[in-house]
Amino acid sequence: MPDFRKLLNDDKVHFFDGGYGTLLQQRGLPAGMSPELFGLKTPDPVLQVHRDYLAAGAEILTTNTFGGSRLKLGLDADAYELNRAMCALARKAAGDNAFVAASIGPTGHFCEPLGELTFRELVEVFKQQIKGCVDGGADLILGETHFDLAEARAVVIAAREVCDLPVGVSMTFEGANSLTGTAPLHFIDTMQNMGADLVATNCSAGPEQLAGVVESMLRRLSTPLYVAANAGLPELDADGKTVFRLGPDVFAEQSARFFELGAKFAGGCCGTGPDHIRALHSRCAGRAWNRPEPEDRAVVLTSRGAGVPLGGGHPAVLIGERINPTGKQQLIAELQQGLQDEALRLASEQIELGAPVLDVNVGAAMVDETVTLPGLVKTLVGRFTTPLCIDSSNPAAVAEALWSYPGSPLVNSISGDPGRMAELGPLCARFGAPFILLPIKGRKLPVTAAERIAIIEEMLDEAESLGVPRRLAVVDGLALTVSSKPEAARATLETIRYCTEKLGLATTLGLSNISFGLPARELLNSTFLGMCLCSGLASFIANPGSARLREALAASEVLLNRDPQAGRFIAGYAEWKPAGGGAPAAGSAGSAGGGAGSVPDADPLHAAVVRGELNRITALVQAELDKGAEPFSLVDGRLIPAIMEVGEKYERKEYFLPQLIQSAETLQTAFKLLKPLLEKDGAGKDKPRVVMATVEGDIHDIGKNIVCLMLRNHGFEVVDLGKDVPAERIVEAARAEGAKLVGLSALMTTTMVRMEDTIKLLKEQGLDDVRVMIGGAVVTEAFAEAIGAHGFSTDAVSAVKLAKRLMN
Ligand code: THG
């Protein structure tokens, strides 16, 4: 058997056949009758036309199945059998010397939200048709004359489910776009993301006009291209019938241009016949394929109406972060009630601010993401053309959203945790969805660049072994908070540079993580953005409402020579005035360790804790002890008031997380020295005990660790169970330790539901007198109440207050 893949891979140009409609009418097809049903009843005319095309030099015959889907044929016809029979007919004509391309035309129906069909139904319809074609002996599955990107994608997805024949789609463009708004370039971007074996354009106009369509694809074309023009533009003849008048020689001369531009295949569409193909063949047969060299290798996100390239020298892309329940009460409440207004408002607001891509995250308590996420995606793609970034840690929700999206969305994300790549990678490959590769694996966040790169390379290897193309990967450089991991920002920069330069991959970043716990976050975020862009960052998830970020982005694009003649910058910032406010007065900022001045401290011990003077504290405490101070009064009268002052500074936003941690650690160092002495005194025996844990499934423990530290500083005996702790272990520990307080932490919307399990289990096991306090970025008062917690806190300082209140 001949293998069409050989043709796809050789160095030559090749020839398809031409139009069938007019020729079949000349051979008895009644006007208004479906050519497919005609062919089923009277195969001979169809067979004849196939043979005429072979004789004219066609190497690939297209089957008489264009309108052969069950939706097009109607319920009475056996679509499978018709397609099988028509493919068998073409096979009979082709024998072993030519190839059979199964023609799969539009169904005549739109899928949601444009029409009534679901995308799944569309795929099922095509699967039935394609099965018939495969059994009839097709060599290639070829979608033809498609005008909707979703339907074009459905052909590819259906073909891949049914067979492993090569598959291609030909789209028709009316002027600059397809009927539902897709540009040629973004059509091929989408098809190439899906790994289509062939891309094509046909119909709508003559070869002169189609050359323009081909030119607009060239920037990123790397897949074999097939072009089939009409015999010129349609004209009305004297009887009011449409005719195509371009003769074979002119058609051939003009179509030869397709080969010069880089097409591998040419043929004909409406109004062409064997003479056109013969003329084209005799003019161009034996030519070498002018293999297209794409100018840029960006990863492209697409929708019906837009394409957004990431990397490949394109301007960095801001992915609007705001459709995300974090910190948004109204959005959460609406999502829980199945409403979309707030999400849609956030979408249009971000689009107006210029966000070229929107992140969509609906992960919140009491929201079923597998329903809510695809539902919102459907509405968004119906209203806006902005490509989406599907952000969920729930693989089933991601899969459902992919079924609802008519292009190439960005899947956010695939982590290095076991099973994730195997589950989501092939899905992304099948749907042609670029994905964010998140270099997180197991419980420990990788801090150094070397650790991150090791995970990235391992994940890329796994992707390759699963047949998931590396070109779909967009690496998350992982912004960790500098306030708790000061070395992490540099590691992010190194990771971005390595991925860009050594691995040739596009990158992204959840920018705002970097500044968590610090003041002037926008200042840090925008400065870090500039650094990251310099290291090659291709995209970032952020709030497009931040003027400072937009300014940093616009300025960086000029400095990185990606804004020709500074055109965009000048257009946006010619009238720019620096933000008001001026510089803060010197020395007025409340900086830990600073502001010591020349005035001696009233109490050096107190001051050392407030300033976080970790390396001085031991000596100071020892000096006090040497002077005869009581250990207990040192703690109660001087150290505890000092840490209280730190807490107050934190609440007044004079202090931020780094100062809080530094002071807490200073106090702990003092305690280490004092602890044996206090125990000798008999103090500390009746310290209140608290069991602390980050719940099962959640590996974030920075917040919980800070709360533990602060609780210890305030005289609590803390039993820290760590992170990813099952409910059973927490309950067991509370019982064994006789703790009357349990503190639970969860950072993610997906894991905060585990808190409820723990509370239920405590009750079930009769530990009714144990109080439970909860915390974490996404935890709210309402949630705490809903699950029966006794309180919730937003930060370590309020957690201590809450713990004290609950223990009284
Ligand atoms: N990497 C990847 N995906 C990500 C992240 C990442 N997705 C989620 C997150 N990080 C990026 N998105 C957000 C969304 C919201 C906020 C921060 C990051 C946020 N919200 C404010 C709050 O919490 O108060 C609300 C501000 C507002 O009103 O907009 O901070 O790292 N791959």
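Remember, it's a predicted structure, so these values are computed and weren't measured experimentally.

A. Quick peek at the overall build of the protein. From N to C terminus, the protein includes 31 helices and 25 strands. When its C-alpha atoms are laid out on the principal axes, the protein stretches across 115 × 60 × 45 Å. Burial status across the protein gives 56% buried among its 808 residues. Counted over contacts in the protein with a minimum sequence separation of 6, partners at least 24 positions apart contribute 74%. Split by element, the accessible area of the protein, about 33200 Å² in all, is 52% carbon and sulfur. Put simply, the protein has 77 plus and 98 minus side-chain charges, and the middle of one group is 3 Å from the middle of the other.

B. Representation of the nonpolar core. One finds Ile141, Phe187, Phe435 and Phe540 to be the most contacted residues of the largest nonpolar core, which totals 154 residues. With nine residues, helix α8 (residues 149-162) is the largest single contributor of residues to this core. With residues up to four places along the chain from it excluded, the contact list for Phe435 reads Leu410, Val411, Ile414, Met421, Cys428, Val468, Pro469, Leu472, Ala473 and Val474. Leu674, Val690, Ile706 and Leu802 belong to the second-largest nonpolar core, a separate cluster that totals 45 residues.

C. Focus on the sheet that holds strand β20 (residues 539-542). One open sheet accounts for eight strands, arranged β19-β18-β17-β16-β15-β14-β13-β20; its pairing is parallel. The sheet terminates laterally at β19 (506-508) and β20, the two strands that pair on one side only. With direction set aside, neighbouring strand axes in the sheet form an average angle of 30°. Looking at chain direction, strand β18 (residues 473-476) and β19 are connected through three bridges and run parallel. Among the inter-strand pairings, Val474 is bridged to a residue of β19, identified as Ala506.

D. Structural view of the site of the ligand. As a structural note, the neighbourhood of the ligand is formed by 15 residues, with Arg322, Thr326, Asp391, Asn412 and Asp476 the closest of them. Arg322 places a side-chain nitrogen or oxygen 2.7 Å from an oxygen atom of the ligand. A distance of 2.9 Å is found between a nitrogen atom of the ligand and a side-chain nitrogen or oxygen belonging to Asp391. In the complex, 72% of the free accessible area of the ligand, which totals 660 Å², lies under the protein chains. A per-class count over the shell around the ligand returns two nonpolar, eight polar and five charged.

E. Representation of the sheet that holds strand β21 (residues 689-694) in the model. The five strands are arranged β22-β21-β23-β24-β25 in an open sheet whose pairing can be described as parallel. Looking along the sheet, the strands with just one partner apiece sit at the ends: β22 (717-720) and β25 (791-793). Neighbour to neighbour, the strand axes of the sheet diverge by 25° on average, direction disregarded. Both strand β24 (residues 771-775) and β25 contribute to a ladder of three bridges, which runs parallel. Note on β25: the bridge partner recorded for Gly775 is Ser793. Across the face of the sheet, helix α28 (residues 727-737) comes into contact with β21, β22 and β23 (741-745) while running at roughly 165° to β21.

F. Summary view of the pattern of salt bridges. Per the stated rule, a full pass over the model turns up 38 salt bridges. The residue Lys127 makes a salt bridge to Glu161 at a minimum N-O spacing of 2.7 Å. Taken as a pair, Lys127 in helix α7 (residues 119-135) and Glu161 in helix α8 lie far apart in primary sequence, 34 residues in all. What makes Lys127 buried here is its relative accessible area of 13%. Classification of Glu161 as partly exposed rests on a relative accessible area of 34%.

G. Spotlight on the pairing of β22. Note: β21 against β22, four bridges, orientation parallel. Paired with Arg689 across the strands is Glu717, a residue of β22. For the segment spanning β21, helix α27 (residues 702-713) and β22, crossover handedness is right-handed.

H. Inspection of helix α21 (residues 547-559) at higher detail. Its 13 residues place the ends of α21 18 Å apart at the C-alpha level, agreeing with the 18 Å of an ideal helix rising 1.5 Å per residue. When α21 is considered as a whole, its buried residues turn out to be Leu549, Ala552, Leu553, Ala554, Ser556 and Glu557. Close packing links the buried residues of α21 with α20 (521-534), β20 and α22 (567-573). Positive backbone phi, at 60°, marks Asn561, one or two positions downstream of α21.

I. Region of the structure containing the packing of α27 against helix α31 (residues 796-807). It is at 9 Å that the axes of α27 and α31 come closest, and there the two elements cross at 50°. Taken together, the axes of α27 and α31 are oblique relative to one another. Crossing geometry of α27 relative to α31 is assigned as right-handed. Here Ile706, Val707, Met710 and Leu711 of α27 lie close against α31, whose contacting residues are Ala796, Val797, Ala799, Val800 and Ala803. In the contact of α27 with α31, the residues fall into nine nonpolar, no polar and no charged.

What counts, and where the lines are drawn
Residues numbered from 1 in each chain as written. Predicted model: local features only at pLDDT ≥ 70, side-chain atom pairs only at ≥ 80, totals over all residues. Heavy atoms only, no water. Helix = DSSP H or I, 4+ residues; strand = E, 2+ residues; numbered from the N terminus. Buried < 20%, exposed > 50% of the residue type's maximum accessible area, 1.4 Å probe, protein only. Contact = heavy atoms within 4.5 Å. Areas by Shrake-Rupley, 256 points an atom, 1.4 Å probe, with all protein chains shown as cover. Lys, Arg positive; Asp, Glu negative; His and termini not counted. Charge placed at Lys NZ, Arg CZ, Asp CG, Glu CD. Core = buried A, V, L, I, M, F, W, Y, C linked by side-chain atoms within 4.5 Å. Pairing = 2+ DSSP bridges. Axes fitted to C-alpha atoms, helices over the stretch in contact; angles between N-to-C directions. Near = heavy atom within 4 Å. Polar contact = N/O pair within 3.5 Å; in protein donor to acceptor, adjacent residues only side chain to side chain. Nonpolar A, V, L, I, M, F, W, Y, C, P; charged D, E, K, R; others polar. Salt bridge = Lys/Arg side-chain N within 4 Å of Asp/Glu carboxyl O. Right-handed = clockwise from strand over helix to strand, strands pointing away. Expected span 1.5 Å × (residues − 1). Parallel < 35°, antiparallel > 145°, perpendicular 65-115°, else oblique. Left-handed = near helix turned anticlockwise from the far one by under 90°.

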